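Each chain, letter by letter, is given below.
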Amino acid sequence: MKIKSFLAKPFASYIYKQIKKGMETAVEDQQSIFNHLIKVGTKTDFGKEHGFEKIKTYEDFVKQVPIRDYEAFKVYIERIKEGKHNVLWKGQPIYFAKTSGTTSGVKYIPITKDSIPNHINTARNALLCYMAETGNTQFADGKLIFLSGSPELERVGGIPTGRLSGIVNHHVPKYLRSNQMPSYETNCIEEWEEKLDKIVEETINQNMTLISGIPPWMQMYFDRLEEKSGKKISELFPDFSVMVQGGVNFEPYKAKLFESIGKKIDCIELFPASEGFFAFQDSQNAEGLLLNTNSGIFFEFIPAAEIFSENPTRLSLKDVKVGENYALIINNNAGLWGYNIGDTVKFLSTSPYRLVVTGRTKHFISAFGEHVIGEEVEAALSKAAEEEHVKVTEFTVAPMIAQGEGKSYHEWFIEFENTPEDMNRFAKKINENLRAKNVYYDDLIAGNILQQLKISPVNKNGFIDYMKSIGKLGGQNKLPRLSNDRKIADALEAYVAN
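These numbers were taken from a predicted model, which means no experiment stands behind them.

S.K.: For this particular structure, what's the right way to read the state of the cysteines?
M.R.: Tallying each qualifying case throughout the model produces zero disulfides. No disulfide involves cysteine 267; its sulfur sits 16 Å from the nearest other cysteine sulfur, which is in cysteine 129.

Put into structure tokens, the structure is as follows:
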């Protein structure tokens, strides 16, 4: 055993015990965080404008602070860019995490001196929990790769600004720097395919033991390695034992990733975002991700069906129920207040608080009143794919509204690793699985309002070509699973197999 893996053992054991203790005090820890946030927030512009001095309880907070998305926060971000202090949190942010996806284009999410440990320590804790539970510390002695955005930062309003993964790169502990791949120069390459080629070149002969990233981009990395070497990943990297992923649901990608690797290996799932690191997989033996209840974030939950209501029900952690879909709302020590991050979650247990991410509040199909969500389409496809021994590379779904004669339907754009023997049977299985998951969709099919879904097979690398065409290839970019219009679907028609 080498020195890093040897020293990791006692530290992993210590952190693991702390996290186990935190499972018992989650509600109390949330209350302590709430009290601290209000105390600090009272002295900010936001706190003064929202009467924080009157807030004594969570119920008071709900009355004073409405739910907001980024659009409603922009006015405060602009003040920070102008150089003002104590706007959303004390002082000024130490970074802006730059992300996209809103009607206003680029979002600038504040990260403060108080909030940066949430981003850094949570990823560390996930690995330490894994070490403590499994006893596998050897991967710490090999080479580790984090497929991420460029660490080069610009300045916006005098504040260092970049992709979250690039910011976090600057905080990798010194003891891991010698293990980290790729080189800093390669990581700074903006063009994804050029960067990928360089990553392959730098890592193909290394002893890679941990690989981390968003699943579709890890798959691209594996494909390039296989093309260049003619070997499965486990042959190239015999000591590769841990895969860390987040950003999208892992299930639709799992079969193909393991096929590329050539065997099953341990996986650690994470739930990070620019706004905070919300949850992580703390155990290989339990379903779901452990909510990060003692890391500077006070969580709120809104029943998913009410998210667009004028006065939705707002719940703190102690009132959530297992099995219900909630929109996740955060308040944190970077100065986000009543902030709707756009994700929906469902608790699998409340002792401890473990959850799964079920979709995006803006990514759904309800063109006909069905309100189909990401969790439902992913489960419907995964079950059919397993039964039919089909591997799916990527997919997305959109409504097709009939013009003139014929019935409307859901159109599934799917890129297959191996095409189903019988495409009609495969489509029927997905359709029946979705009917079993969503009662409204079932009613529309049974009532002859909708016809069975249709599959449009996408050419090999069609989704990669599409993402390239819109300038969103690689890094932290993700393809929406669902759209309530045909903007993506119409663009994808150019990549459909004839």
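S.K.: Would you mind going over the environment of glycine 296 with me for this structure?
M.R.: Mapped onto the elements, glycine 296 comes out in the loop between strand E11 (289-291) and strand E12 (297-303). Glycine 296 sits 178 residues away from asparagine 118 along the chain, and the two C-alpha atoms are 6.9 Å apart. Non-local contacts of glycine 296, meaning those with residues more than four positions away in its chain, are made with Ile33, Leu37, Asn331, Asn332 and Asn333.

S.K.: So what exactly am I meant to see when it comes to unusual backbone geometry here?
M.R.: Only a minority of non-glycine residues have a phi that is not negative, and only a minority of peptide bonds are not trans. Proline 182 follows methionine 181 through a cis peptide bond whose omega is -5°. Checked against the element boundaries, proline 182 lands in the loop between strand E6 (180-181) and helix H9 (184-187). Of note, the amide linkage connecting serine 351 to proline 352 takes the cis form, showing an omega dihedral of 5°. Within the secondary structure, proline 352 is located in the loop between strand E14 (339-350) and strand E15 (353-360). Within the chain, histidine 371 stands out as a residue other than glycine whose phi angle is a positive 45°. Checked against the element boundaries, histidine 371 lands in the loop between strand E16 (364-365) and strand E17 (372-373). Histidine 371 gets classed as partly exposed once you look at its relative accessible area, which sits at 37%. Even without a glycine there, the phi angle at histidine 389 is positive, about 55°.

S.K.: What should I look at first to understand the packing of helix H15 (residues 423-437) against helix H16 (residues 439-446) in this one?
M.R.: A pair of packed helices can be characterised by two numbers: the angle between their axes and the separation between those axes. Where H15 contacts H16, the two axes come as close as 5 Å, and the packing angle between them is 125°. One element, H15, and the other, H16, form an angle in the oblique class. Only Val439, Tyr441, Asp442, Ile445 and Ala446 of H16 make contact with H15, whose side of the interface consists of Asn431, Leu434, Arg435 and Lys437. Taken together, the residues of the contact of H15 with H16 break down into five nonpolar, one polar and three charged.

S.K.: Before we go on, may I ask you to explain the sheet that holds strand E13 (residues 325-332) in this structure?
M.R.: Working definition: the strands of a sheet are paired by backbone hydrogen bonds and lie parallel or antiparallel to each other. With mixed pairing, the eleven strands of this open sheet are ordered in space as E6-E3-E7-E8-E9-E10-E11-E15-E14-E13-E12. The open sheet terminates on both sides in strands that have one partner only, identified here as E6 and E12. Pairing of strand E10 (residues 276-280) with E11, which is carried by two bridges, proceeds in the antiparallel orientation. Following the sheet pairing, alanine 279 is matched in E11 by leucine 291.

S.K.: I tried to follow the pairing of strand E18 (residues 392-400) on my own but got confused; where do I start?
M.R.: Two faces belong to every sheet, and in a regular strand the side chains alternate between them. Among the nine residues in E18, eight count as buried, and that is most of the element. Across eight bridges, E18 lies against strand E19 (residues 409-416) in antiparallel orientation. Looking at E19, one finds that valine 392 is bridged to phenylalanine 416.

S.K.: I would appreciate a short explanation of the side chain of asparagine 179 in the present structure.
M.R.: Tracing the chain through its elements places asparagine 179 in the loop between helix H8 (174-177) and E6. In this structure the side chain of asparagine 179 is engaged in a polar contact, spanning 2.8 Å, whose partner is the backbone oxygen of alanine 140. Polar contacts involving the side chain of asparagine 179 include one to the main-chain carbonyl oxygen of glycine 142, which spans 2.8 Å.

S.K.: What's the story with the pairing of E13 in this structure? I'm lost.
M.R.: Most of E13 is tucked away: seven of the eight residues are buried. Bridge count for E12 against E13 is seven bridges, and the pairing is antiparallel. Residue proline 303 lies in a different strand from E13, and its bridge partner there is tyrosine 326. Two elements, E13 and E14, share five bridges in a ladder whose sense is antiparallel. By the bridge assignment, isoleucine 330 is partnered in E14 with tyrosine 339. Between E13 and E14, which pair antiparallel in sequence order, lie six residues; one of them, glycine 335, sits at a positive phi of approximately 95°.

S.K.: Even after reading the chapter, I still don't get the side chain of serine 274, so can you show me in this structure?
M.R.: Tracing the sequence through the fold places serine 274 in the loop between strand E9 (266-273) and E10. Of the residues examined, serine 274 reaches a relative accessible area of 12% and is grouped as buried. Discounting chain neighbours no more than four positions away, the residues touching serine 274 are Ala97, Thr99, Ile109, Ile111, His119 and Leu164.

S.K.: Teacher, can you tell me more about the environment of glutamate 306 here?
M.R.: Looking at the element boundaries, glutamate 306 is found in the loop between E12 and E13. For glutamate 306, a relative accessible area of 24% puts it in the partly exposed group. Between the C-alpha atoms of glutamate 306 and aspartate 485, which are 179 residues apart in sequence, the distance is 21 Å. Apart from the residues lying within four places of it in its own chain, the contact partners of glutamate 306 are Pro312 and Thr313.

S.K.: Whenever I open this one, the pattern of salt bridges confuses me. Can you help?
M.R.: A side chain of one charge can pair with a side chain of the opposite charge if their charged atoms are brought near each other. This model, assessed by the stated rule, comprises 30 salt bridges. With a shortest N-O distance of 2.8 Å, arginine 224 and glutamate 193 are connected by a salt bridge. Here arginine 224, found in helix H11 (residues 215-229), pairs with glutamate 193, found in helix H10 (residues 192-203); they are 31 residues apart in sequence, far enough to count as distant. The exposure class assigned to arginine 224 is buried, which follows from its relative accessible area of 18%. Taking the shortest distance from any N to any O, the salt bridge between aspartate 490 and arginine 486 comes out at 3.3 Å. The structure contains a network of salt bridges with shared partners spanning Glu193, Asp197, Arg224 and Lys468.

What counts and how
- Here the residue numbering is sequential within each chain, running from 1 through the sequence in written order.
- Whole-chain, interface and lining totals are the exception, using all residues; otherwise, since this is a predicted model, local features are given only for residues with pLDDT of at least 70 and side-chain atom pairs are given and counted only at 80 or more.
- Neither water nor hydrogens contribute to the side-chain values; these are computed over all heavy atoms in the structure.
- The criterion for a disulfide is a pair of cysteine sulfur atoms lying within 2.5 Å.
- Helix numbering and strand numbering both begin at the N terminus, where a helix is a DSSP run of H or I of at least 4 residues and a strand a DSSP run of E of at least 2.
- The contact definition used throughout considers only heavy atoms, calling two residues in contact when any of these lie within 4.5 Å.
- For each residue, the accessible area found with a 1.4 Å probe, counting protein chains only, is set against the maximum for its type, and the residue is called buried under 20%, exposed over 50%, and partly exposed in between.
- Axes here refer to lines fitted to C-alpha atoms; in helices the fit is confined to the stretch in contact. Angles between the N-to-C directions go from 0 to 180 degrees.
- Throughout, the term roughly parallel applies to angles under 35 degrees, roughly antiparallel to angles over 145, roughly perpendicular to angles from 65 to 115, and oblique to all others.
- Each residue gets one of three labels, nonpolar for Ala, Val, Leu, Ile, Met, Phe, Trp, Tyr, Cys and Pro, charged for Asp, Glu, Lys and Arg, and polar for the others, Gly among them.
- By definition, two strands form a pair when at least two bridges between them are found by DSSP.
- Residues adjacent in sequence count toward polar contacts only when both atoms are side-chain atoms; beyond that, a polar contact is any pair of N or O atoms within 3.5 Å, and within protein one must be able to donate a hydrogen and the other to accept it.
- Salt bridges are identified by distance alone: a Lys or Arg side-chain nitrogen within 4 Å of an Asp or Glu carboxyl oxygen.

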